[in-house]
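# Inside the fold
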Amino acid sequence: MASTMLSLVSASMLLQENHKGKMNLGGSDCSSFSRKEKRNPFMKTKSFGRINMAITVNASRFEGITMAPPDPILGVSEAFRADNNEMKLNLGVGAYRTEELQPYVLNVVKKAENLMLERGGNKEYLPIEGLAAFNKVTAELLFGAGNPVIQQQRVATVQGLSGTGSLRLAAALMERYFPGAKVLISSPTWGNHKNIFNDARVPWSEYRYYDPKTVGLDFDGMISDIKAAPEGSFVLLHGCAHNPTGIDPTPGQWEKIADVIQEKNHIPFFDVAYQGFASGSLDADASSVRLFAARGTELLVAQSYSKNLGLYAERIGAINVVCSAADAAAREEIVSSGFFRLSSSRFLSANLRVKSQLKRIARPMYSNPPIHGARIVANVVGDPALFNEWKEEMELMAGRIKNVRKKLFDSLSAKDKSGKDWSFILKQIGMFSFTGLSNVQSENMTNKWHVYMTKDGRISLAGLSLAKCEYLADAIIDSFHNVS
């Protein structure tokens, strides 16, 4: 916020003669002195009866900075905290809650942290690319340990600051090495996607995704827009549990999307924020990414462990760049174990080059990533017992959200006598549901019913309990039918 600094430079009591309006100081005429003094443009004089105060107003160098608008997602939580109504619901931020609507720390995370304490360890800087053990397991978790892209070392993985930071690293890489290339973003998409690409100066346009008439996927529109994009564009795709709609393509539709992207020589860029958390299966939720990798497509994938391991505050994620094996014909000599040999392929050097430039971008941006969350992930994913326990906990979390989704649908269907079909709620997946409510209707949800949500009609089912489903159904029905 701009501020004004007031500094007192003089305060003089001027005894004015009733008739002359002046006084002599040391033989000099005060009024004459005032006329001779050069006027300070930043000096203001305020008169209080017979007392004049001269003050200098120094305008802040930051005077031109305007007040930023509240964040459309995080601002919802701020408004929620200020509300004292006992029925209030925070369905804005995508963070998992228990049935009692309390934050949840996974048991497997606690066990991993206890192991870290037992083993000891320092707090030295990580390498720029992050913890090696983390980078290894996160790539294997995403693609599968036996995947050819892993076996052939075609993946450049760099630890990032959760999903947002990983997306930002990739955006900077795109701006630097693909100048003028455009990224296609679904309409609608996660609220921060556009901010990230704007900040990185990467031009973007939207492709159709959500069909308000069916509250479903506008697949024909999506395909048409991807086809119409300039060849070699980046296409931002949600790996699973599309945010904010919760609407995912079917396996058959993913195949057609891959066909079009390959035909147009586009580069797929996946945002994977919910692996294992959407369906409860790590493999099922990574199937879209693995489909493209199996086709030999070069691609980028940003990962986050905020949701599936509940590591929201640890800011742990990764950016993965899959390089093509098509460069295998080009050979280069490298030194290995004291002997010269031919590299198996140039894609190894492409992998290293990409990683080196990601590191170069990260260095002035944040220098090194944090270690705590990286160690947690490495311990959980790298230990078979903890890994299995994690999968069980994910299934429980995903199961609770599915139960809430079903209860909300049942409540809406039972209470709404208009005949409206609410089955689209069951067809959506993940922690969000796109209600189809308008901006004005969403405002009614907050102002009248104390249900805090984003203005696009998205609600986080992870912040809803079974006990509050009927109350939420009443709010949705009222807002949908009585507010236009």
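For the structure itself, look to the data block above.
Here's a quick rundown of the structure. (Residues numbered from 1 in each chain as written. Predicted model: local features only at pLDDT ≥ 70, side-chain atom pairs only at ≥ 80, totals over all residues. Heavy atoms only, no water.)

## Describing helix α8 (residues 219-228)
Side chains that are three or four residues apart share a direction in an α-helix, a result of its 3.6 residues per turn. Burial in α8 covers these residues: F219, G221, M222, I223, D225 and I226. Of the surrounding elements, those touching the buried residues of α8 are β8 (183-187), β9 (204-208), β11 (216-217), β12 (234-238) and α9 (251-263). (Buried < 20%, exposed > 50% of the residue type's maximum accessible area, 1.4 Å probe, protein only. Helix = DSSP H or I, 4+ residues; strand = E, 2+ residues; numbered from the N terminus. Contact = heavy atoms within 4.5 Å.)

## Thoughts on the packing of aromatic side chains
In the structure shown here, the tally under the stated rule is 15 aromatic pairs. Judged by centre distance (6.3 Å) and plane angle (90°), the rings of F197 and F269 are edge-to-face. Remark: F269 occurs in strand β13 (residues 267-272) and F197 occurs in helix α7 (residues 193-199); sequence separation between them is 72 residues. Judged by centre distance (5.9 Å) and plane angle (40°), the ring pair of W422 and F424 falls under tilted. A relative accessible area of 2% places W422 in the buried class. Given the relative accessible area of 6%, F424 is considered buried. If you follow K88 out to its NZ or CZ, it ends over the ring of F80, 4.3 Å from the centre. Sitting over the face of the ring of W422, K420 holds its NZ or CZ atom 4.9 Å from the ring centroid. (Phe/Tyr/Trp six-rings, centres within 6.5 Å; stacked < 30°, edge-to-face > 60°. Lys NZ or Arg CZ within 6 Å of the ring centre and 35° of its normal.)

## Re the pairing of strand β15 (residues 316-322)
Burial within β15 is extensive, with 7 of its 7 residues counted as buried. Here β15 shows two buried faces, one formed by I316, A318, N320 and V322 and the other by G317, I319 and V321. Taken together, the 7 bridges between strand β7 (residues 155-161) and β15 define a ladder with antiparallel strand orientation. Residue T157 lies in a different strand from β15, and its bridge partner there is N320. Note: strand β14 (residues 299-304) against β15, 6 bridges, orientation antiparallel. Residue pairing in the sheet places Q303 in a bridge with A318 of β15. (Pairing = 2+ DSSP bridges.)

## Side note on the sheet that holds β9
Sheet strands associate in pairs through backbone hydrogen bonding, adopting either a parallel or an antiparallel arrangement. Strand order across the open sheet formed by 7 strands is β7-β15-β14-β13-β12-β8-β9, with mixed pairing between neighbours. At either margin of the open sheet sits one strand with a lone partner, and together these are β7 and β9. Averaged over neighbouring strand pairs, the angle between their axes works out to 25° when direction is ignored. Strand contacts of helix α4 (residues 132-143): β7, β13, β14 and β15, with the helix running at about 65° to β15, the strand carrying the most contacts. With respect to the sheet, helix α11 (residues 287-294) is in contact with β12, β13 and β14, its orientation differing from that of β13 by roughly 155°. (Axes fitted to C-alpha atoms, helices over the stretch in contact; angles between N-to-C directions.)

## Examining unusual backbone geometry
Each neighbour pair has its own omega, and for S187 with P188 the value is 5°, a cis peptide bond. Take P188: it is sitting in the loop between β8 and α7. Between N243 and the following residue, P244, the backbone shows a cis peptide bond with an omega angle of 25°. Looking at the secondary structure, you find P244 in the loop between β12 and α9. You will see that N265, though not glycine, has its phi angle at about 60°, which is positive. Counting through the fold element by element, N265 comes out in the loop between α9 and β13.

## Thoughts on the packing of helix α14 (residues 384-415) against helix α17 (residues 469-482)
α17 packs onto α14 with a crossing angle of 50° between their chain directions and a minimal axis gap of 9 Å. In this view, α14 runs oblique relative to α17, as classed from their interaxial angle. In the crossing of α14 with α17, the sense of the turn from one axis to the other is right-handed. Residues V404, K407, L408, S411, L412 and K415 of α14 pack against C469, E470, L472, A473, D474, I476 and I477 of α17. Counted by class, the contact of α14 with α17 contains 8 nonpolar, 1 polar and 4 charged residues. (Parallel < 35°, antiparallel > 145°, perpendicular 65-115°, else oblique. Left-handed = near helix turned anticlockwise from the far one by under 90°. Nonpolar A, V, L, I, M, F, W, Y, C, P; charged D, E, K, R; others polar.)

## A closer look at the side chain of T98
By secondary structure assignment, the location of T98 is in the loop between β6 (89-90) and α3 (107-119). A residue is classified by how much of its surface remains accessible, and T98, at 16% relative accessible area, is buried. Contact partners of T98, with chain neighbours within four places excluded, come to P103, Y104 and R400.

Take it as geometry only, folks, not as evidence of what the structure does.
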